[in-house]
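Structural description and commentary
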Amino acid sequence: MLEMPKDTKKIDFFDHVQVITEKYLSHRAKVRRIKKEKRRAKHFLLDWIEAFIWAACMVLLINQYLVQAYRIPTGSMINTLNIGDQIFVNKLIYGPELLPGFIKLPSPIKPKRNDIIIFESPAYISQGTVFDIAQRVIYMLTLSLVDIDKDERGQPRVHFLIKRAAGQAGDRFKIENGEMKIMFAGEDRWVDEREYNAARGWNHNISRLVSQESYSAINSAGKAAGWSDVLIPVSQELISKTTALDRMQNIDSFAYYNARYETQRKAAVNNTRYASRHARDHMLGWYIPEGRIFPMGDNRDSSNDGRNFGPVRMSKVLGSGMFIYWPLWRMNSID
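Not measured: the values here are computed from a predicted model.

**Some thoughts on helix 7 (residues 253–267)**
Given a rise of 1.5 Å per residue, 15 residues ought to cover 21 Å, and the 21 Å separating the end C-alpha atoms of helix 7 matches this to within 8%. The set of residues buried in helix 7 consists of Phe-254, Ala-255, Tyr-256, Ala-259, Arg-260, Tyr-261, Thr-263 and Gln-264. The N-cap of helix 7, judged by a side-chain oxygen 3.0 Å from the amide nitrogen of Phe-254 a few residues on, is Asp-252.

Have a look at this one:
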């Protein structure tokens, strides 16, 4: 039996590869030609609508699961974040929601102390999942310039808040003359927040609008109100100390009510209502239970935060601040 020469076998193999390659290239050219002809036959408006819908779907996926654009509406985080700063928020880090307001996907990373977190405002009332999706798509497509979720005055409703995680589960907080004290889980002494942050190299600026010199008038006004509450005449000397209050643009309401409740408690020792109110709101401070985080603004005297609505559930924390992308001169990472 004659054996076929080896060179002939090689020729047959390459011929076979050539045939297959030509068939593939011909098929690909045919598919491209058909697609091109379909695009020519399609109305340009329909083509534009399809492209827009595709872009919107991609934006929604990115916005919901990866990165969300957000515009800073208030000065509660000055000087870390200023009014009008436009930032990107990492939505993946803590586990994104499957749909807006539904089922948060798990993540091994949990919000911790000093993180910049974005969360759903406890005061926000959703208008429904469909509206939320439409609002987020438009908001993201316009790079946070257009917000269709407005109140009766035409102002954007506050859906999300962005603050710093000032405390975590097991911590206890109290405020003394506007400065925060922390008692950590298992400890029995209060620690000054600024000293604790400095020891860990956290150099963010905690801004204050109320000077320490103002607290004499603020505390005097609180005492005067406390005396009036229990129907005890207020001395002229105490009233005169409160006059500086009229010239102040910013007042620490927590210090005012602390002085007011303490005066009530001392003046009416038999009234347990006064004593319990003072202890609950000021002496014992805020306790952070398991599964929650305590948010506070860096601008402490102008921030609606955990001091007003309490600790936030971890399931409501939707992301972490990444970096400022606008204005250009403030472009930087967020920490």
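**Describing the layout of surface pockets**
As a volume, the largest pocket reaches approximately 400 Å³. Along the walls of the largest pocket sit 18 residues, with Arg-71, Pro-73, Tyr-139, Asp-147 and Pro-156 positioned nearest its centre. Secondary structure elements with two or more residues in the lining of the largest pocket: strand 1 (67–71) and helix 3 (129–141). Looking at the lining of the largest pocket residue by residue, the classes come out as eight nonpolar, five polar and five charged.

**Concerning the packing of aromatic side chains**
With the rule as written, the count across this model stands at 10 aromatic pairs. Aromatic ring contacts, followed pair by pair, group Phe-173, Phe-254, Trp-286 and Phe-294 into a single cluster.

**Points about the environment of Phe-294**
Here Phe-294 shows up in strand 11 (residues 292–296). For Phe-294, a relative accessible area of 0% corresponds to the buried category. Distance in space between the C-alpha atoms of Phe-294 and Arg-172 is 9.9 Å, their sequence separation being 122 residues. When residues no more than four places from it in sequence are discounted, the contact partners of Phe-294 are Arg-164, Ala-165, Ala-166, Gly-167, Phe-173, Trp-286, Ile-288, Gly-306, Arg-307 and Pro-311.

**A closer look at the side chain of Asn-299**
Relative to the elements of secondary structure, Asn-299 occurs in the loop between strand 11 and helix 9 (306–309). For Asn-299, a relative accessible area of 5% gives the class buried. Excluding residues within four positions of it along the chain, Asn-299 makes contact with Gly-75, Ser-76, Met-77, Ile-78, Ser-207 and Leu-209.

**Describing the pattern of salt bridges**
A complete count under the given rule lists 15 salt bridges for this structure. The closest approach of N and O atoms between Asp-115 and Lys-112, which form a salt bridge, is 3.5 Å. Two residues, Asp-305 and Arg-307, come together in a salt bridge whose shortest N-O distance is 3.0 Å. By relative accessible area, Asp-305 is classed as buried at 0%. Arg-307 sits in the buried class, given a relative accessible area of 9%. Because the salt bridges share partners, they merge into one network encompassing Glu-179, Arg-194, Arg-208 and Asp-301.

Quick notes on the rules
- Residues numbered from 1 in each chain as written.
- Predicted model: local features only at pLDDT ≥ 70, side-chain atom pairs only at ≥ 80, totals over all residues.
- Heavy atoms only, no water.
- Helix = DSSP H or I, 4+ residues; strand = E, 2+ residues; numbered from the N terminus.
- Expected span 1.5 Å × (residues − 1).
- Buried < 20%, exposed > 50% of the residue type's maximum accessible area, 1.4 Å probe, protein only.
- Polar contact = N/O pair within 3.5 Å; in protein donor to acceptor, adjacent residues only side chain to side chain.
- 1 Å grid on protein atoms, 1.4 Å probe; cavity = no way out; pocket = protein on both sides within 12 Å on 5 of 7 lines; lining within 4 Å.
- Points joined across faces, edges and corners; volume = space filled by probe spheres on them.
- Nonpolar A, V, L, I, M, F, W, Y, C, P; charged D, E, K, R; others polar.
- Phe/Tyr/Trp six-rings, centres within 6.5 Å; stacked < 30°, edge-to-face > 60°.
- Contact = heavy atoms within 4.5 Å.
- Salt bridge = Lys/Arg side-chain N within 4 Å of Asp/Glu carboxyl O.

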